[in-house]
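Here is how the chains run, residue by residue.
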Amino acid sequence: MTETTVPPHLRYDEIRRAACADLEAFDKLTPDRAAELQLGRLRESVAHALTASPHYRRNWAAHSGTRFDTLDDIRKLPFTTKGDLRDAYPFGLVAADRREIIRYGESTGTTGRPTSAVITYEDWIRGNVAVERSVSHVFGPGDLVFIAIPYELAFASYDLDRALEQAGAGVVAVGTLSRVCPFERMVEMMWTVKPTGLVCTPSRALRLYDLLKDSGRDPLEVGLRTFMYVGETCSPAKLSKIADLWGVRLSNAYGSTETNSLGLTCAEGSLHLTEDRHLFEVIDPETTEPVADGHPGELVLTSLVSRAMPLLRYRTGDFVTVRSAPCACGSPRRTLDHHGRVSEQLVVDGRRINKLALEDIVLSTPGSGLYWAAGVTGAGLEIRVEADAGDPARLCSDVAERVAAAIGITPVVEPIDRTLVRRAMDRMLKPGSLTLEDLAAAAS
């Protein structure tokens, strides 16, 4: 058997070395040289998608002769939407032979019909090496890390699992919403096993803290040192509560079912886009025109090296701010702030309110507790908030005043029913998206 016929999974060391070298080489490039590399990869990726992907070959044939002289020429192409992914389910976007597919996954389906994703071995290892380098800034030998995100049909949990292992950390794969390891067992394990790291959504971290307190234990005695939050956007106020309550340092990662990792943390704590593997745009979600550097908009991505399932101008639905200002780490990759989903913005009298910005106002109000929820009803903007102590009525009044001063809309604010919050959160994959409807459902 010649070297070229050896299956990829038997060439792990070779593929890993090449991925590490490529990653290190990219981070040494100037922004101009990085753009040149991206342009070459863009041409190859578009040609591959239009030739090998059934969806693009069938629907985008008119774009097969498109020239790409600069990265801005990507705007000559139309968008790929979540609807396209659903229509192509399960294999309509796959551009590789079935024998090359090493992993298959699906979205949770919490916002509609599920979408699928596939990956080749080379792309899987390439991405995993990047995640490993990121997590090694905060985890290493001697750490024992609870991964409390779904393992079923997911890429992210296994990606982090393998990356932590390569970084020398120990892994406890507790998952989430599992019959094998429900939250009560997870809390008992945290108390007895004493993990130094936790990977989960921010809301889940608050809920685990709450469960420990309710059992009469001091969560600080667990000895948690690092919390990596994934799968959910989070306001500075909520992150501050988590850091203070658990006494931890914070780290994060950003990705999607369709692409795996898209944003990874550097040694300086900045979240950098994976621009060696993706081309990113930021557009106005309503006009679809590009927004200026440092201004918020919807993130759009184009695969640069994905062989199994290339995506062209995919509208992620994520509301972000991307900045090109240099990071102290020296990477040419731009940095990212994630502000939540475009679809989760609240619309009141024709005005759009970013839910994450609203969360920051509510949870930074003195006296606020761990939980909150908001929605738009016939009465306008309604907010429910937990009081940490003292006078709930005073807290509600203070929240209403702060929201009115910040956004010019006076909401109806009432205390939250903590029992309903717990009941609702414990059945949700993404508890950070808690709504008034979720509370109402938990009450029925």
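Residues numbered from 1 in each chain as written. Predicted model: local features only at pLDDT ≥ 70, side-chain atom pairs only at ≥ 80, totals over all residues. Heavy atoms only, no water.

The protein is annotated in an unreviewed UniProt entry as Phenylacetate-coenzyme A ligase from Streptomyces canarius.

## Observations regarding the overall build of the protein
A tally of helices and strands in the protein yields 13 helices and 18 strands. Taken over the C-alpha trace, the protein has a radius of gyration of 22 Å; the compact-globule value for 444 residues is 22 Å, and the two agree within 12%. The dimensions of the protein, computed from C-alpha atoms along their principal axes, are 70 × 50 × 45 Å. Classification of the 444 residues of the protein by burial places 52% in the buried group. Roughly 19700 Å² of accessible area belongs to the protein as shown, and the carbon and sulfur atoms make up 50% of that amount. Side-chain charges of the protein comprise 51 positive and 60 negative groups, with the mean position of each set lying 3 Å from the other. (Helix = DSSP H or I, 4+ residues; strand = E, 2+ residues; numbered from the N terminus. Rg over C-alpha atoms; globule rule 2.2 N^0.38 Å. Buried < 20%, exposed > 50% of the residue type's maximum accessible area, 1.4 Å probe, protein only. Areas by Shrake-Rupley, 256 points an atom, 1.4 Å probe, with all protein chains shown as cover. Lys, Arg positive; Asp, Glu negative; His and termini not counted. Charge placed at Lys NZ, Arg CZ, Asp CG, Glu CD.)

## Focus on the environment of Leu-312
Note on placement: Leu-312 falls in the loop between strand S11 (296-303) and strand S12 (314-323). Taking the C-alpha atoms as reference, Leu-312 lies 53 Å from Asp-391; in sequence the two are 79 residues apart. Excluding residues within four positions of it along the chain, Leu-312 makes contact with Val-46, Ala-49, Leu-50, Tyr-56, Trp-60, Pro-78, Phe-79, Thr-80, Leu-301 and Thr-302. (Contact = heavy atoms within 4.5 Å.)

## Structural notes on the sheet that holds strand S16 (residues 368-377)
With respect to topology, three strands assemble into an open sheet ordered S16-S17-S18, the strand pairing being mixed. Unpaired on one side and paired on the other, S16 and strand S18 (412-415) mark the two borders of the sheet. Averaged over neighbouring strand pairs, the angle between their axes works out to 20 degrees when direction is ignored. Against the sheet, helix H11 (residues 392-407) engages S16, strand S17 (380-387) and S18, with an angle of about 135 degrees to S17. (Pairing = 2+ DSSP bridges. Axes fitted to C-alpha atoms, helices over the stretch in contact; angles between N-to-C directions.)

## Considering helix H9 (residues 236-246)
Taken as a whole, H9 has its buried residues at Ala-237, Lys-238, Leu-239, Lys-241, Ile-242, Ala-243 and Trp-246. On its buried face, H9 sits against helix H7 (183-193), helix H8 (202-214), strand S6 (226-229), strand S7 (249-256), helix H10 (355-363) and S16. Trailing H9 by a residue or two, Gly-247 shows a phi angle of about 65 degrees, which is positive.

## Concerning a nonpolar patch on the surface
Residues Tyr-89, Phe-91 and Tyr-104 make up a contiguous nonpolar surface patch of roughly 260 Å² in combined accessible area. Structurally, the position occupied by Tyr-89 is in the loop between helix H4 (82-87) and strand S1 (101-106). The exposure class assigned to Tyr-89 is partly exposed, which follows from its relative accessible area of 37%. (Patch = residues over 30% accessible without salt bridge, like charges linked within 9 Å, V, L, I, M, F, W, Y side chains within 5 Å. Salt bridge = Lys/Arg side-chain N within 4 Å of Asp/Glu carboxyl O.)

## Describing the pairing of S12
The side chains of a regular strand alternate between the sheet's two faces. Counting buried residues along S12, eight of its 10 residues qualify, which places the element largely inside the surrounding structure. Here S11 pairs with S12 via five bridges, running antiparallel. Within the sheet, the bridge partner assigned to Leu-301 lies in S12 and is Tyr-314. Relative to strand S13 (residues 335-341), S12 runs antiparallel, the two being bridged by five bridges. Residue pairing across strands places Asp-318 opposite Arg-341, the latter belonging to S13.

## Describing the side chain of Ser-203
Its location among the elements puts Ser-203 in helix H8. Residue classification places Ser-203 among the buried positions, given a relative accessible area of 4%. Here Ser-203 is in contact with Glu-232, Lys-238, Met-425, Pro-431 and Gly-432, once residues within four sequence places are set aside.

## Quick notes on the packing of aromatic side chains
Under the defined criterion, the tally for this structure stands at six aromatic pairs. Their ring planes at 85 degrees and their centres at 4.9 Å tell us that Tyr-151 and Tyr-158 sit as a pair that is edge-to-face. Exposure remark for Tyr-151: the relative accessible area of 12% places this residue in the buried category. Look at Tyr-158 and you get partly exposed, because its relative accessible area is 31%. When the ring centre of Phe-79 is taken as reference, the NZ or CZ atom of Arg-315 above it lies at 5.4 Å. (Phe/Tyr/Trp six-rings, centres within 6.5 Å; stacked < 30°, edge-to-face > 60°. Lys NZ or Arg CZ within 6 Å of the ring centre and 35° of its normal.)

## A word on the side chain of Thr-201
Following the sequence through the fold, Thr-201 ends up in the loop between strand S5 (197-200) and H8. Excluding residues that lie within four positions of it along the chain, Thr-201 makes contacts with Phe-227, Val-230, Gly-231, Glu-232 and Pro-431.

## Considering the nonpolar core
Counting residues in each nonpolar core, the largest one holds 64 residues, and the members touching the most others are Leu-42, Tyr-56, Val-135, Phe-139, Leu-160, Met-228 and Leu-311. At seven residues, helix H5 (residues 121-135) tops the list of elements feeding residues into this core. Of all hydrophobic cores here, the second largest spans 39 residues; its members include Leu-206, Tyr-371, Ala-373 and Val-421. (Core = buried A, V, L, I, M, F, W, Y, C linked by side-chain atoms within 4.5 Å.)

## Digging into the pattern of salt bridges
Under the criterion given, the structure shown has 35 salt bridges. With a shortest N-O distance of 3.5 Å, Lys-238 and Glu-359 are connected by a salt bridge. One end of the pair, Lys-238, is in helix H9; the other, Glu-359, is in helix H10, and 121 residues separate them in sequence. The class of Glu-359 is buried, set by a relative accessible area of 4%.

## Brief notes about the packing of helix H12 (residues 418-425) against helix H13 (residues 436-443)
Helix-helix packing: each pair is described by the crossing angle between the helix axes and the interaxial distance. As a packed pair, H12 and H13 sit with axes 8 Å apart at the nearest point and diverge in direction by 95 degrees. Taken together, the axes of H12 and H13 lie roughly perpendicular to each other. Packed against H12, whose contacting residues are Leu-420, Val-421, Arg-423 and Ala-424, the element H13 presents Asp-438, Leu-439, Ala-442 and Ala-443 at the interface. Of the residues that constitute the contact of H12 with H13, the class distribution is six nonpolar, no polar and two charged. (Parallel < 35°, antiparallel > 145°, perpendicular 65-115°, else oblique. Nonpolar A, V, L, I, M, F, W, Y, C, P; charged D, E, K, R; others polar.)

## Focus: the packing of H7 against H8
At a minimum axis separation of 10 Å, H7 and H8 run at an interaxial angle of 75 degrees. Considered as vectors, H7 and H8 are oriented roughly perpendicular to each other. Taken together, the residues of H8 that come into contact with H7 (itself represented by Phe-183, Met-186, Val-187, Met-190 and Trp-191) are Arg-204, Leu-208, Leu-211 and Leu-212. Looking at the contact of H7 with H8 residue by residue, the classes come out as eight nonpolar, no polar and one charged.

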